[in-house]
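Okay, here's what each chain looks like letter by letter:
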There are 2 protein chains.
Amino acid sequence: MSYQPHGQHLIAGERIGTEATWHSSPASGPAHAFSTGTPALVAQACAAAERAFWTFGHATRAERAALLHAIADAIEARGAEITDIGTRESGLPAARLEGERGRTTGQLRLFAEHILKGDYLDRRFDAALPDRQPPRPELRMMQRPIGPVAVFGASNFPLAFSVAGGDTAAALAAGCPVVVKGHSAHPGTGEIVADAIAEAVAGQGMDPGIFSLVQGGRRDVGEALVQDPRIRAVGFTGSLAGGRALFDLCARRPDPIPFFGELGSVNPMLLLPSAMAARGEAIAQGWAGSLSMGAGQFCTNPGIAVVIDGPEAEAFSATASAALGAVGPQVMLTDGIADAYRKGRDRVRGSAGVREVLTSVCDLRNATPYLYEVSGDDWLANHELGEEVFGPLGMIVRARDADQMLEIARALEGQLTCTLHLDEGDTALARQLMPVLERKAGRLLANGFPTGVEVCDAMVHGGPYPASTNFGATSVGTLSIRRFLRPVCYQNLPEALLPADLLG
Amino acid sequence: MSYQPHGQHLIAGERIGTEATWHSSPASGPAHAFSTGTPALVAQACAAAERAFWTFGHATRAERAALLHAIADAIEARGAEITDIGTRESGLPAARLEGERGRTTGQLRLFAEHILKGDYLDRRFDAALPDRQPPRPELRMMQRPIGPVAVFGASNFPLAFSVAGGDTAAALAAGCPVVVKGHSAHPGTGEIVADAIAEAVAGQGMDPGIFSLVQGGRRDVGEALVQDPRIRAVGFTGSLAGGRALFDLCARRPDPIPFFGELGSVNPMLLLPSAMAARGEAIAQGWAGSLSMGAGQFCTNPGIAVVIDGPEAEAFSATASAALGAVGPQVMLTDGIADAYRKGRDRVRGSAGVREVLTSVCDLRNATPYLYEVSGDDWLANHELGEEVFGPLGMIVRARDADQMLEIARALEGQLTCTLHLDEGDTALARQLMPVLERKAGRLLANGFPTGVEVCDAMVHGGPYPASTNFGATSVGTLSIRRFLRPVCYQNLPEALLPADLLG
């Protein structure tokens, strides 16, 4: 089966084409023409979303849960087509896209179950105290949806962080209509998923304005979307530069809105001495696998390994180099990402004190792993070495001793994850590191690798800037629904006017 | 007893004076000299707060609860002095300040009980699934304090929204050190409360950097505080212009931080026909009392009453005018606020279609009530008539009919509160209004007045911009602690490294 994109936008259930088009740049197969987005289309989608909120924002949790299951069903029904166009557009292997599809439908169904439980409503009740002086009125509180939400998908998860990804699932679960700005790296994959959502919305008899996809092709599409007065919040996964620009637009609005951006992270691993002595080479093997998996194109890719200098560091480096050297070239998601990868490599290898351990040829849209080493002193002296290079590029930082490892931890920027590899003998040092790392990252791991972000209740995918623009939020897991809610207090209202969820 | 201010800053437990001083401008009694704040003092306070966070951020909940109770005790011990200087500085009557002191110590104790319960930690646990493919690691999550917090108190609550007010109580309860920028309207009241906090901190054997008060006197003090790299969030109550300027500085930081500002609100009341027919005059009496209480200097002061035109509107207006006319002049909090009140009055009465119902002489630092009327058409045509005038100024908007009342509701800006006065016969119209008003305000009331903000679990003191800068948050009630927390996920960590709160 070969999917032929129709190339149109999907605005409130209707396919709309524009005269102006742009061409996709797939990893394999023919390019396709896609309608170019415009601010006028954005406005049309936002007006439909605003209109739909008056009903969808008051739909029952059961109705919203049914919609989420229907979307998952409609995506599953298009599984083969999605994998077909998705592999061509992204260069990701079929097995990966099939797994990601499962993750996508799984998280839609998880949110359906989550809202049915109702805990997320955070219902609070303070009874009236009529005899107190002054008397206390009856006060009830619950979380309500905020209104239309804009979503910008990620290049690296064309399904799970895109059109029907975590942001969309959380927003719809909350009761918020969604307007997606399509990612130019996978417009055909995006349009199938959008069609699936529209079919599900129609099947549930809901207002089609609940969902729109505006394809890109022009910079002002995204700018118009985050500045539209009807949009109440933005979910974004992408680059630091692009995310910060949109964050700034949100903050400068006459009425500022929250921008939930998940931006850059190098996800450092700290290898403590006992663990290094006992199993440094096994950790090196694991690291090489985690670092190069999917061409290293994960937000949680562990780009830095901090070790204490000495013979174990030497062996670690040699093992990691050998393992990474065995990884062949992998196709990257877009030409631009491949280009940025090589630029990042040039920046790293041109930095003072950086030694190239593993090099290779890396051209076209391909990535091969690189491995560099630097002393703790040189790393600390050069802030840029702490910045993300998106792709399979590893850096070993050789700290002089445990104190310098602590100093390096303190110098880290905000991260999605920090990882400790440790054995029992490392507990004392780990106890010194924990309070430092806790301030740096949204997720702390022991003896594992950060790639593989579980979608569950306890997950936190976020962290201090620049890992995310809101350190109080997560973009993965059930807690991510909180981004699209606001508390409302009902004082002394008759039952006839209270939301059903406050009466049940 | 007459309290003589020492006039110094309190930085991490030490009184520090500066050569430069400024003079307070009390409502009665002599002015006092206060040390002028500087960016260097701000930096010193922030450095101490950052240092203190390494211990205070890991203090047990019992230790933090004990601190909150000790602060409340120390404030109560200074009750007479606080009332003495507080009445002189603010012009508020003694009974009001005594009540506000009770509210202040009450909310400190409420937060102590709240953190002991532990629900706010939002602990989540996903068990390991070792046999799943791929295996799921063990994941635990809880909310952790964010780090040092800056607090800007309000002029109108020199105790409950100031040095030891709700923002400080919530931040300390969370485990965040606090740096307060003192309000120039009540510097002497502020310094006593700061001394009380410092005594409590010392008495608990805690790091004195947990708390600092930097007095003002220069605009760059507040600007330095919100831009200090150690500050992780800001709590602010004050004017729209001042709040927005600080919000913008927070958003433009290299690492943006959340600014929780509670800004302007006119708190409209909508009077539905059956209620108006049955008890319009009683509502008018109640409104006049709520509107003029404390010279109308409440964030939740109900400045606008929307009625449907006709004989009941006439009677409502006459009764409100008579009741307001009987209110004598009241001294305002500051010269600047009195001046702004008269400017607001001039703006309103110069607007097209506005009719003056009650006028009076209002000079010096005094306020007398004013009452105006305007048709629904004229109100809708002039966006400025929806802006807050801080003080006892009421506006009656005479809607043509129920449809125009709905149109007026839709045209409202974000509010802290919206109030319905209704009887059973009004249910159908109220059901049309509810979804509209819910999007406009953080708190909806029936048959009451919004002044009187209960400190409890279900309270929401916040709302869409400009009522607040973060519609997802409240600045009053136990939910306000969430502003100063961030979720952290612990993956596969040995028990020896987990926070005690995740083991209990």
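Here is what the cut-offs are and how they apply
- Residues numbered from 1 in each chain as written.
- Chains lettered and ligands numbered in written order.
- Predicted model: local features only at pLDDT ≥ 70, side-chain atom pairs only at ≥ 80, totals over all residues.
- Heavy atoms only, no water.
- Domains from an automatic or database assignment.
- Contact = heavy atoms within 4.5 Å.
- Buried area = accessible area lost by both parts, 1.4 Å probe.
- Salt bridge = Lys/Arg side-chain N within 4 Å of Asp/Glu carboxyl O.
- Polar contact = N/O pair within 3.5 Å; in protein donor to acceptor, adjacent residues only side chain to side chain.
- Core = buried A, V, L, I, M, F, W, Y, C linked by side-chain atoms within 4.5 Å.
- Buried < 20%, exposed > 50% of the residue type's maximum accessible area, 1.4 Å probe, protein only.
- Pairing = 2+ DSSP bridges.
- Helix = DSSP H or I, 4+ residues; strand = E, 2+ residues; numbered from the N terminus.
- Axes fitted to C-alpha atoms, helices over the stretch in contact; angles between N-to-C directions.
- Disulfide = S-S within 2.5 Å.
- Phe/Tyr/Trp six-rings, centres within 6.5 Å; stacked < 30°, edge-to-face > 60°.
- Least-squares fit on C-alpha atoms with pLDDT ≥ 70 in both.

1. Considering the domain arrangement of chain A
Residue and element names in this part refer to chain A.
Here is step 1 of the chain: If you check the domain split of chain A, you get domain 1 (35-263 + 468-502) and domain 2 (269-446).
Here is step 2 of the chain: Distance from the C-alpha centre of domain 1 to the C-alpha centre of domain 2: 34 Å.
Here is step 3 of the chain: Taken together, the contact between domain 1 and domain 2 spans twelve residues of the former and twelve residues of the latter.
Here is step 4 of the chain: Both faces combined, the contact of domain 1 with domain 2 buries some 860 Å², and carbon together with sulfur accounts for 64% of it.
Here is step 5 of the chain: Among the residues domain 1 hides against domain 2, the three largest losses belong to Ser 155, Asn 156 and Glu 262. Together they make up 41% of the total.
Here is step 6 of the chain: Viewed at the interface, domain 2 and domain 1 are joined by zero salt bridges.
Here is step 7 of the chain: Summed over the shared surface of domain 1 and domain 2, the number is two residue pairs in polar contact (both at pLDDT 80 or more).

2. Section: the nonpolar core
Here is step 1 of the chain: If you look at the biggest cluster of nonpolar residues, it comprises 210 residues, and the most contacted ones within it are Leu420(A), Leu433(A), Phe484(A), Leu420(B), Leu433(B) and Phe484(B).
Here is step 2 of the chain: If near-sequence neighbours (up to four positions away) are discounted, Leu433(A) is found in contact with Leu270(A), Leu272(A), Met405(A), Leu406(A), Ala409(A) and Leu420(A).
Here is step 3 of the chain: Among the nonpolar cores identified, the runner-up in size contains 53 residues, and Leu41(A), Cys46(B), Ala251(B) and Tyr465(B) belong to it.

3. So, the sheet that holds strand β11 (residues 259-262) of chain B
Residues and elements named next belong to chain B.
Here is step 1 of the chain: Sheet architecture is open: seven strands sit in the order β2-β1-β9-β8-β7-β10-β11, paired in mixed fashion. At either margin of the open sheet sits one strand with a lone partner, and together these are β2 (14-16) and β11. Within this sheet the neighbouring strands show an average axis-to-axis angle of 20 degrees, counted without direction.
Here is step 2 of the chain: With four bridges connecting them, strand β10 (residues 233-237) and β11 associate as parallel partners. Across the sheet, the residue bridging to Thr 237 is Glu 262, located in β11.

4. Concerning the state of the cysteines
Here is step 1 of the chain: In the structure shown here, the tally under the stated rule is zero disulfides over all chains.
Here is step 2 of the chain: Not part of a disulfide, Cys299(A) finds its nearest cysteine sulfur in Cys418(A), a span of 15 Å.
Here is step 3 of the chain: Cys299(A) gets classed as buried once you look at its relative accessible area, which sits at 10%.
Here is step 4 of the chain: In this structure Cys489(B) is a free cysteine whose sulfur lies 6.7 Å from that of Cys456(A), the closest cysteine sulfur available.
Here is step 5 of the chain: According to the relative accessible area criterion, Cys489(B) is buried, its value standing at 0%.

5. A few points about the packing of aromatic side chains
Here is step 1 of the chain: For the structure shown, the criterion picks out 20 aromatic pairs over all chains.
Here is step 2 of the chain: Measuring from centroid to centroid gives 6.3 Å for Phe247(A) and Phe259(A), while their planes differ by 80 degrees, and the two rings are edge-to-face. One end of the pair, Phe247(A), is in helix α8 (residues 240-252); the other, Phe259(A), is in strand β11 (residues 259-262), and twelve residues separate them in sequence. With respect to class, Phe247(A) is no different from Phe259(A); both count as buried.
Here is step 3 of the chain: Ring centres 5.4 Å apart and planes at 40 degrees place the aromatic pair Phe236(B) and Phe259(B) in the tilted group. Separated by 23 residues along the polypeptide, Phe236(B) in strand β10 and Phe259(B) in strand β11 bring together distant segments of the chain. Just as Phe236(B) is buried, Phe259(B) falls in that class too.

6. Quick look at the interface of chain B and chain A
Here is step 1 of the chain: On the chain A side, the residues contacting the 74 residues of chain B number 74 residues.
Here is step 2 of the chain: Of the roughly 6,100 Å² buried between chain B and chain A on both sides combined, carbon and sulfur atoms contribute 57%.
Here is step 3 of the chain: The tally of links from chain B across to chain A stands at eight salt bridges.
Here is step 4 of the chain: Put simply, chain B and chain A have 42 residue pairs in polar contact (both at pLDDT 80 or more) between them.
Here is step 5 of the chain: Contributions of two or more residues to the side of chain B that touches chain A are made by α1 (39-56), β5 (124-126), β6 (139-145), α8 (240-252), α14 (427-440), β20 (441-446) and β21 (485-491) of chain B.

7. What to know about the relation of the copies chain B and chain A
The pair of chain copies shares a relation made of a rotation about an axis and a shift along it.
Here is step 1 of the chain: The two copies are related by a screw motion: chain B maps onto chain A through a turn of 180 degrees and a shift of 0.0 Å along the axis, at an RMSD of 0.0 Å. Taken together, the rotation and translation describe the operation of a two-fold axis. No C-alpha of chain B approaches the rotation axis more nearly than that of Ala251(B), which lies at 3.2 Å.
Here is step 2 of the chain: Looking at the interface residues of chain B, 100% of them are also at the interface in chain A, so both copies use one shared face.

8. A word on the sheet that holds β11(A)
All names here are of chain A.
Here is step 1 of the chain: Spatial strand order, β2-β1-β9-β8-β7-β10-β11: seven strands in an open sheet with mixed pairing. Only two strands of the sheet have a single partner each, and these edge strands are β2 (14-16) and β11. The mean angle between the axes of side-by-side strands here comes to 20 degrees, regardless of whether they run parallel or antiparallel.
Here is step 2 of the chain: Both strand β1 (residues 9-11) and strand β9 (residues 211-214) contribute to a ladder of two bridges, which runs antiparallel. Paired with Leu 10 across the two strands is Leu 213, which belongs to β9.

9. A word on the side chain of His186(B)
All names here are of chain B.
Here is step 1 of the chain: Among the secondary structure elements, His 186 is positioned in the loop between β8 (178-181) and α6 (187-203).
Here is step 2 of the chain: There is a polar contact of 2.8 Å between the side chain of His 186 and the side chain of Ser 162.
Here is step 3 of the chain: Those residues within four positions of His 186 in sequence are excluded, and the remaining contacts are Glu 89, Ala 154, Ser 155, Pro 158 and Ser 162.

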